[in-house]
Amino acid sequence: MKTLSYIDYCALPPFRQFLYKIYSTFFKIIFGIWHFILSVGYGIKKFGIKIGKAFKNMYLSFKYGDIYTKISFGVLGVSHIKRGQRIKGILMIIVEVLFILVMVLFGGEAIYKFTYLGKNSTGYTCNGSDWYGSSPEAQQVCPFPKPVDGDYSERNLLYGILAIIIVVIFAFFYVKGVNRSYQIQTEEEEGKHIPTFKEDMAEFLNSKFHITLLALPILGVIVFSILPLIDMILMAFTNYDYLHQYPGYFNWVGLDNFLEFGNFGNKGFGYTFVEILKWTVVWAILATFINFFLGIIVATIINRKGIKFKKLWRTCLVLSIAVPQFVSLMALGQIFQEYGPITQFIKQQTGMTILFWGQPTPFRIGDYILTVDFARILIVVINIWIGIPYTVLSTTGILMNVPEDLYESARIDGASPVTIYFKITLKYIVFVMGPSLITTFIGNFNSFGVIYLLTGGGPTTNSFYGSAGHTDLLVTWLFSLTMEGKADYKMASVIGILIFVISATISLIVYRNSASFKNEEDFA
């Protein structure tokens, strides 16, 4: 793509400038996606190089290490004990022993069951045989059956992940320990000082203090974030749904769930996903940019010289924020329900029963036919009322900090008020709020409360997979698949993975191409 200079860009006719903006934006998106793919590939390559380097160091350690270093490959800490680091060596042996005990008592079986997840459902066995069954006919064959537990596939999946994480952490500890065994051997041979256990511990309060501070939070992240996240991702590769749950079992199905994207028939997953994704993107754009630009306009009006009662208007906006959002949304949702005051008023005046959130039956007001799209429009309008105060308050603080010399220079150059607003005020606001705008867009893309509390995803339809509604977003559809008796965890996991991929890709691409990231010092 040929990049125009600012002078050449200004020389273009307005329509050509518009086309150039679209073209350049499209090019940046494609380039951003390609750069993101390259970055992921580079990260994998870099990680692979580090792994290869670690194994190379292990080979050199075994090749050139003395007898104590070689023994350390089997019993960690022997080399450390030989060279004066007795406490550290003993602790390493204890860790290795604990790892072996964990794998023998728990980890080995957990990893084995992780490979198949489940084979047997809960039932009965007769005289210790491998026969399972729970029907009355089966009990007639065996009058005194012995109940047996089936495979807890969900538990096997979670325990298997935990065991694998333990193995990975110990593998890292093992490689570091072995390489350190050879390192202290070379330090001893060169006559260097080998740190004592006390000196090593002192380092964790000085140069390694960041490790001390982050150890507990990282452990919490692993247990409460990474472990459930991996569990959720792997569910997408199983047949875990209401037909395959305890007392039954589920197992691996590979990419079968992802192949459902090819189903564009009635109630097809692919058709439903595309339709809900389109509405999710439209909703995120409207909810973000309408609130953003209307908030800027309101903030600009309030902050204009000559406007009276500025404190009153700002106080009203603060009060609207002070009311919990879920309270406002629940109240408005009830107002537009079938027996809410709005629907009852319309029924009294026109004789028609209107279901804003119910079945998508068209209804008539005067000469206009209003369909399901009206429910979506109503959601956007309600969200404007809820979201604008936040933008107004944020923008007010920014407007108070726009450099005054920029305005003075523009007036001296003869710029009109409109030009000053668009070239200075609006540009400065967008520059400062760029990262926040990206965050808001992703937040609206994953907005749960607004849709769930207002419409619950309705109006419902029989054309969508999993009883999805016309106002459902991807995240509310995911929720309805896992709750409300559907228990379709496998497809909910697929949706969760795709939501993450879409959100992460949009965030990284847009942020890296924003003025706030590329031209940080422009308004310094």
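Rules behind the numbers
Residues numbered from 1 in each chain as written. Predicted model: local features only at pLDDT ≥ 70, side-chain atom pairs only at ≥ 80, totals over all residues. Heavy atoms only, no water. Helix = DSSP H or I, 4+ residues; strand = E, 2+ residues; numbered from the N terminus. Buried < 20%, exposed > 50% of the residue type's maximum accessible area, 1.4 Å probe, protein only. Contact = heavy atoms within 4.5 Å. Areas by Shrake-Rupley, 256 points an atom, 1.4 Å probe, with all protein chains shown as cover. Axes fitted to C-alpha atoms, helices over the stretch in contact; angles between N-to-C directions. Parallel < 35°, antiparallel > 145°, perpendicular 65-115°, else oblique. Left-handed = near helix turned anticlockwise from the far one by under 90°. Nonpolar A, V, L, I, M, F, W, Y, C, P; charged D, E, K, R; others polar. Patch = residues over 30% accessible without salt bridge, like charges linked within 9 Å, V, L, I, M, F, W, Y side chains within 5 Å. Salt bridge = Lys/Arg side-chain N within 4 Å of Asp/Glu carboxyl O. Lys, Arg positive; Asp, Glu negative; His and termini not counted. Charge placed at Lys NZ, Arg CZ, Asp CG, Glu CD. Phe/Tyr/Trp six-rings, centres within 6.5 Å; stacked < 30°, edge-to-face > 60°. Polar contact = N/O pair within 3.5 Å; in protein donor to acceptor, adjacent residues only side chain to side chain.

Caption draft 1: Quick peek at the overall build of the protein chain. The number of helices and strands found in the protein chain is 20 helices and four strands. The 524 residues of the protein chain split such that 34% are buried. Considering only residue pairs separated by 6 or more positions, the protein chain has 64% of its internal contacts joining residues 24 or more positions apart. With an accessible surface of roughly 31,500 Å², the protein chain has 68% of that area assigned to carbon and sulfur atoms.

Caption draft 2: Quick peek at the packing of helix H9 (residues 209-235) against helix H19 (residues 489-512). Where H9 meets H19, the axes come as close as 7 Å, and the angle between the chain directions of the two elements is 115 degrees. If you check the angle between H9 and H19, you find them roughly perpendicular. The two elements H9 and H19 cross, and the hand of that crossing is left-handed. From H9, Met232, Ile233 and Met235 reach across to H19, where they touch Tyr489, Lys490, Ser493 and Ile497. A breakdown of the residues in the contact of H9 with H19 according to their chemical character gives five nonpolar, one polar and one charged.

Caption draft 3: Region of the structure containing a nonpolar patch on the surface. A cluster of nonpolar side chains, namely Ile81, Ile87, Ile90, Leu91, Ile94, Val97, Leu98, Ile100, Leu101, Val104 and Leu105, defines an oily patch on the protein surface of about 1,000 Å² accessible area. Along the chain, the position of Val97 falls in helix H5 (residues 86-114).

Caption draft 4: Region of interest: a positive patch on the surface. Where like charges cluster on the molecular surface, the positive patch consists of Lys21, Lys28, Lys423 and Lys427. Where the positive patch is concerned, the elements lending two or more residues are helix H2 (14-64) and helix H16 (417-445). Positionally, Lys427 belongs in helix H16.

Caption draft 5: How the structure looks around the packing of aromatic side chains. Taken as a whole and judged by the stated rule, the model has 24 aromatic pairs. Pairing Phe114 with Trp252 gives two aromatic rings, centres 5.4 Å apart and planes at 75 degrees, and the pair type is edge-to-face. Taken together, the positions of Phe114 in helix H5 and Trp252 in the loop between H9 and helix H10 (269-302) put the pair 138 residues apart, joining distant regions of the chain. Residue classification places Phe114 among the buried positions, given a relative accessible area of 15%. On the basis of relative accessibility, which here comes to 28%, the residue Trp252 falls in the partly exposed class. With a centroid separation of 5.0 Å and 70 degrees between ring planes, the pair formed by Phe448 and Phe479 is classed as edge-to-face. Here Phe479 lies in helix H18 (residues 474-482) and Phe448 lies in the loop between H16 and helix H17 (449-454), a separation of 31 residues in the sequence.

Caption draft 6: Expanded view of unusual backbone geometry. Within the chain, Leu117 stands out as a residue other than glycine whose phi angle is a positive 70 degrees. Along the chain, the position of Leu117 falls in the loop between H5 and strand E1 (123-125). The class for Leu117 is buried, based on a relative accessible area of 0%. A positive phi is found at Phe309, a non-glycine position, where the angle reads about 60 degrees. Positionally, Phe309 belongs in the loop between H10 and helix H11 (310-322). Judged by its relative accessible area of 58%, Phe309 falls in the exposed class.

Caption draft 7: Looking closely at the side chain of Thr395. Position of Thr395 among the secondary structure elements: in helix H14 (residues 373-399). When residues no more than four places from it in sequence are discounted, the contact partners of Thr395 are Ile296, Ala299, Ile429 and Met433.

Caption draft 8: Geometry of the side chain of Asp472. Structurally, Asp472 can be placed in the loop between H17 and H18. Among the polar contacts made by the side chain of Asp472, one reaches the side chain of Thr476 at a distance of 2.7 Å. Apart from the residues within four sequence positions on either side, Asp472 is in contact with Ile276, Trp279, Thr280, Ile451, Gly456, Gly457 and Trp477.

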